[in-house]
Amino acid sequence: MVSVSGALLLTLAAGCTTPPPTPAPVLPPPEPSRPAGPTPEEIRERTVRHFLQRAEEAQREGFITMPAGASAYDFYLQVQQLDPGNTQAAAGIQTLVMQLVEQARDALRQRAFGRAGSLLNTADQIAPGNPLSKEVRSQLQREQRRAEQDIALEGPGAQTVTLPVAPLTARSDEMVQMLKSVAERIRAHDLRVIIVARNDAEGRWVYSQLREAVPGYRVRGDIKLGNAPRLLLQKSQ
């Protein structure tokens, strides 16, 4: 028979074998929440891509430096402000300069000296000291000097009739009447005429107006290209 003290000892011994409670697992700290919108860097990159696309579109449409604020040049400048050293913007601006210089070459071939000079001035504003612009400007200056030397009045009674640029460009009624009056003077005094025009089409139009103003009379003359439109009247030899 087990005594009371022995039973108590058995109970205490059994209690000592109970395992300790399991500790709660340690969870990692929560990750910081990611902003819902794009980062400032992502916004900048998107804006750069947007302005590059706008610049290319404006360039294809011929908007090189105009209209102000919406030209290819303006958009490339926006890119450079957001991303200094952007190679696409730098290459795009160089392409704009090449376009302007090529247009100046075309104007020079047509003897449109004023337009050629204006285009070269714009190219110099975009890229000062550009060697392409400098080369074409030298050609322009040579052609202007040559035009001045080639066109000179000779012979007794020679006279010059200046053709106002705006009415001539518009081929206005005022210009038609002026040419008719000159044609009548040519016929009355049997004069020979040298037509100095900015391009061949302009010279041929002036000649057609002189010829139509005096039907039945053969207007003798020649067409030369020059920057200041005018008629050189000389006594026929």
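What counts, and where the lines are drawn
Residues numbered from 1 in each chain as written. Predicted model: local features only at pLDDT ≥ 70, side-chain atom pairs only at ≥ 80, totals over all residues. Heavy atoms only, no water. Helix = DSSP H or I, 4+ residues; strand = E, 2+ residues; numbered from the N terminus. Buried < 20%, exposed > 50% of the residue type's maximum accessible area, 1.4 Å probe, protein only. Contact = heavy atoms within 4.5 Å. Pairing = 2+ DSSP bridges. Axes fitted to C-alpha atoms, helices over the stretch in contact; angles between N-to-C directions. pLDDT = per-residue confidence, 0-100.

1. Describing the overall build of the chain
Line of reasoning, step 1. Along the chain, the regular secondary structure elements total 9 helices and 4 strands.
Line of reasoning, step 2. Going from the N terminus to the C terminus, the chain shows its helices and strands as α-α-α-α-α-α-β-α-α-β-α-β-β.
Line of reasoning, step 3. Across the 237 residues that make up the chain, the buried fraction comes to 32%.
Line of reasoning, step 4. By sequence separation, contacts in the chain at least 24 residues apart represent 68% of the contacts at least 6 residues apart.

2. Some words on the sheet that holds strand β1 (residues 159-162)
Within a sheet, adjacent strands bond to each other through the backbone by hydrogen bonds, running parallel or antiparallel.
Line of reasoning, step 1. The mixed open sheet is built from 4 strands, whose spatial order is β1-β4-β2-β3. Whereas interior strands pair on both sides, the edge strands pair on one side only; in this sheet they are β1 and β3 (221-225). When strand polarity is set aside, the average angle formed by the axes of neighbouring strands in this sheet is 20°.
Line of reasoning, step 2. Alignment of strand β2 (residues 191-197) against β3, held across 5 bridges, turns out to be parallel. By the bridge assignment, Ile 195 is partnered in β3 with Ile 223.
Line of reasoning, step 3. Along the sheet, helix α8 (residues 173-189) makes contact with β1, β2 and β4 (230-235), crossing β4 at roughly 10°.

3. What about the confidence of the model for the chain?
Line of reasoning, step 1. Here the chain shows a mean pLDDT of 84. Residues at 70 or above account for 80%.
Line of reasoning, step 2. Mean pLDDT across the elements of the chain bottoms out in helix α1 (residues 4-16) (50) and peaks in helix α3 (residues 72-82) (95).

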